[in-house]
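Each chain is listed here by its residues.
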Amino acid sequence: MTFRELGLSDEVLKAVADAGYEHPTPIQEQAIPQVLMGRDILGCAQTGTGKTASFTLPMIDILAQGRARARMPRSLILTPTRELAAQIAENFEIYGKYNKLAMALLIGGENFGPQMEKLDRGVDVLIATPGRLIDHFERGGLLLTDVKILVIDEADRMLDMGFIPDVERIVSFLPKIRQTLFFSATFPPEVKRLSDSFLINPKQITVSPKISTAETVQHFLAPTRSKDFEKRETLRRILKAEKVKNALIFCNRKRDVDVVARSLKRHGFLAAALHGDMAQSARTETLEAFKAGDITYLVATDVAGRGIDIVGLSHVFNFDVPFHAED
Ligand code: AMP
């Protein structure tokens, strides 16, 4: 199967070829023709399957016709974290480079001013976290009556983070007649209820039926004593013994993220912290430094670190046993 067979425009095909993709992934193969036909999608997929391109590529072609009016976005993508929002925006930039779509990113931790200016100029694609979108809406900076395509990304994570009431409120401001693309890695009852109420006769696509670990990943369990300083000692021992090119180190609590990052730095490791209490500018900077290789060890909460796409990551350490098995 080639991308051309999926019915995408020459502009998008060229951008995809520039990105170096040869073949569509299974979710892209199944979703793209359906999205282009205007159908609702219920996608059971996790990050790493190519799900972002499965909705951004056809959206670029659908939105290529028509123009945005001031403060009335033509499509809306809701996603739980700022990092995922930024990643989706990057996707639109890469795949939309031969199209002229206006995009705005409404995420917390950044100034309202520039976000509002963009909305005023009119946007084709609005990517937002639920809280910040509601803030803009309540300030009167935004009308959602022109939204033709709605994407709900990582619905199960929205549930974990307590965003479902916000999501339901936002969707109540949208036109009833629209196209909805709904993605979640798991379908607990509350997510199921949401998808039932948002979607009309959706095409259901499941790409990895069970949460499974990629075959290229090897797991190890490191026994350690339970005191925190003893766990940190074990971690340092492993970091020295292993050939670590770069590593994500997950802790369950933000406080522990700071403690572990500080301790590693004190012991001479190139480490930095990433969690939701940090200013957005600091989070972005840290992530960029990690991607560039200026930081070797990124200590993060799973919420801040989930779904972050880093090429060639050599190790992941769960300093704590994650609360959710799937994490
Ligand atoms: P996602 O599941 O959307 O987070 O995408 C995971 C990664 O796969 C990203 O780095 C994408 O750039 C990459 N990707 C998406 N589609 C393809 C494709 N058809 N071929 C190769 N890589 C892809």
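Look a little higher up for the structure.
Definitions and cut-offs
Residues numbered from 1 in each chain as written. Predicted model: local features only at pLDDT ≥ 70, side-chain atom pairs only at ≥ 80, totals over all residues. Heavy atoms only, no water. Patch = residues over 30% accessible without salt bridge, like charges linked within 9 Å, V, L, I, M, F, W, Y side chains within 5 Å. Areas by Shrake-Rupley, 256 points an atom, 1.4 Å probe, with all protein chains shown as cover. Salt bridge = Lys/Arg side-chain N within 4 Å of Asp/Glu carboxyl O. Lys, Arg positive; Asp, Glu negative; His and termini not counted. Charge placed at Lys NZ, Arg CZ, Asp CG, Glu CD. Helix = DSSP H or I, 4+ residues; strand = E, 2+ residues; numbered from the N terminus. Buried < 20%, exposed > 50% of the residue type's maximum accessible area, 1.4 Å probe, protein only. Pairing = 2+ DSSP bridges. Core = buried A, V, L, I, M, F, W, Y, C linked by side-chain atoms within 4.5 Å. Contact = heavy atoms within 4.5 Å. Axes fitted to C-alpha atoms, helices over the stretch in contact; angles between N-to-C directions. Parallel < 35°, antiparallel > 145°, perpendicular 65-115°, else oblique. Left-handed = near helix turned anticlockwise from the far one by under 90°. Polar contact = N/O pair within 3.5 Å; in protein donor to acceptor, adjacent residues only side chain to side chain.

As a further point, take a negative patch on the surface. Judged by side-chain charge, Glu90, Glu93, Glu288 and Asp309 come together as a negatively charged surface patch. Structurally, the position occupied by glutamate 93 is in helix α4 (residues 82-95). By relative accessible area, glutamate 93 is classed as exposed at 53%.

Glancing now at the pairing of strand β11 (residues 315-318). Here β11 shows a clear split, with His315 and Phe317 buried on one side and none of Val316 and Asn318 buried on the other. Sheet topology places strand β8 (residues 247-251) next to β11; 4 bridges connect them, and they run parallel. Bridge pairing links isoleucine 249 to phenylalanine 317 in β11.

For the rest of this paragraph, the subject is the nonpolar core. Ranked by size, the top nonpolar core spans 33 residues in total, and within it Phe55, Leu57, Met59, Ile77, Phe92, Ile127 and Leu181 carry the most contacts. With 6 residues, the top contributor of residues to this core is helix α3 (residues 51-63). Leucine 57 has contacts with Phe3, Leu8, Val12, Val16, Ile32 and Tyr95, leaving out every residue within four places of it along the chain. In this structure, Leu42, Ala128, Val191 and Phe198 belong to the second largest nonpolar core, which totals 29 residues.

We now examine the environment of glutamate 285. Examined against the element boundaries, glutamate 285 turns out to sit in helix α12 (residues 280-292). Since its relative accessible area comes to 60%, glutamate 285 is described here as exposed.

The description of two packed helices rests on the angle between their axes and on the distance between the axes. Running from amino to carboxyl end, α3 crosses α4 at an angle of 50 degrees, the nearest separation of the two axes being 10 Å. Overall, the two elements α3 and α4 adopt an arrangement that is oblique. For α3 against α4, the interelement crossing comes out right-handed. Facing α3, whose interface residues are Thr52, Ala53, Phe55, Thr56, Leu57, Met59 and Ile60, α4 presents Ile88, Asn91, Phe92 and Tyr95.

Our next topic: the pattern of salt bridges. Throughout the structure, instances matching the rule amount to 18 salt bridges. Notably, a salt bridge pairs lysine 51 with glutamate 154, separated by 3.3 Å at the nearest N-O pair. Taken together, the residues lysine 51 in helix α3 and glutamate 154 in the loop between β5 (149-152) and α7 (155-160) connect sequence positions 103 residues apart. For the pair lysine 51 and glutamate 154, one class covers both residues: buried.

Our next topic: the side chain of glutamine 179. Looking at the element boundaries, glutamine 179 is found in strand β6 (residues 179-184). Reaching out from glutamine 179, the side chain makes a polar contact with the backbone oxygen of arginine 39 at a distance of 2.8 Å. If we skip the residues at most four places from it in the chain, glutamine 179 touches Gln34, Val35, Gly38, Arg39, Asp40, Ile62, Lys148, Ile149 and Leu150.

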